[in-house]
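# Examination of the molecular architecture
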Amino acid sequence: MEYSKDIILGVNYSDKKKGQAKTKKKIKHKILIGACVLCVGLMILDYVLVYKFIMLLQTLV
């Protein structure tokens, strides 16, 4: 009975949910990409700092 009422009245309940789901996905993707970029940046910084530390040790010895 509810199904027939929805068809007759032309009610689209799923439109709002799809819009909210899309924005939530976009936010999740932005957070994931930001975390990946931060991780890669920290790995590069770690490599540079370790490399410079080893070079410093070689000059002292």
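Anything mentioned here points back to the structure above.
To keep things clear, this report deals only with the structure shown in the data block.

A word on the overall build of the protein chain. What the protein chain contains, in helices and strands, is 2 helices and 0 strands. The buried share of the protein chain, taken over its 61 residues, is 0%. Summing over all exposed atoms, the protein chain offers an accessible surface of approximately 6,200 Å²; the carbon and sulfur share of this is 71%.

On to the packing of aromatic side chains, then. Per the counting criterion, the structure on display carries 1 aromatic pair. On the basis of an interplanar angle of 20° and a centroid distance of 6.3 Å, the ring pair of Tyr 47 and Tyr 51 is categorised as stacked. Of the two residues, Tyr 47 and Tyr 51 both sit in helix H2 (residues 14-60), 4 residues apart, roughly one turn of that helix. Tyr 47 gets classed as exposed once you look at its relative accessible area, which sits at 59%.

With the rule as written, the count across this model stands at 0 disulfides. Considering cysteine sulfurs only, Cys 39 is the nearest to Cys 36, which forms no disulfide, with 7.1 Å between them.

Scoring rules and cut-offs
Residues numbered from 1 in each chain as written. Predicted model: local features only at pLDDT ≥ 70, side-chain atom pairs only at ≥ 80, totals over all residues. Heavy atoms only, no water. Helix = DSSP H or I, 4+ residues; strand = E, 2+ residues; numbered from the N terminus. Buried < 20%, exposed > 50% of the residue type's maximum accessible area, 1.4 Å probe, protein only. Areas by Shrake-Rupley, 256 points an atom, 1.4 Å probe, with all protein chains shown as cover. Phe/Tyr/Trp six-rings, centres within 6.5 Å; stacked < 30°, edge-to-face > 60°. Disulfide = S-S within 2.5 Å.

Function cannot be read off these values alone, since they describe shape.
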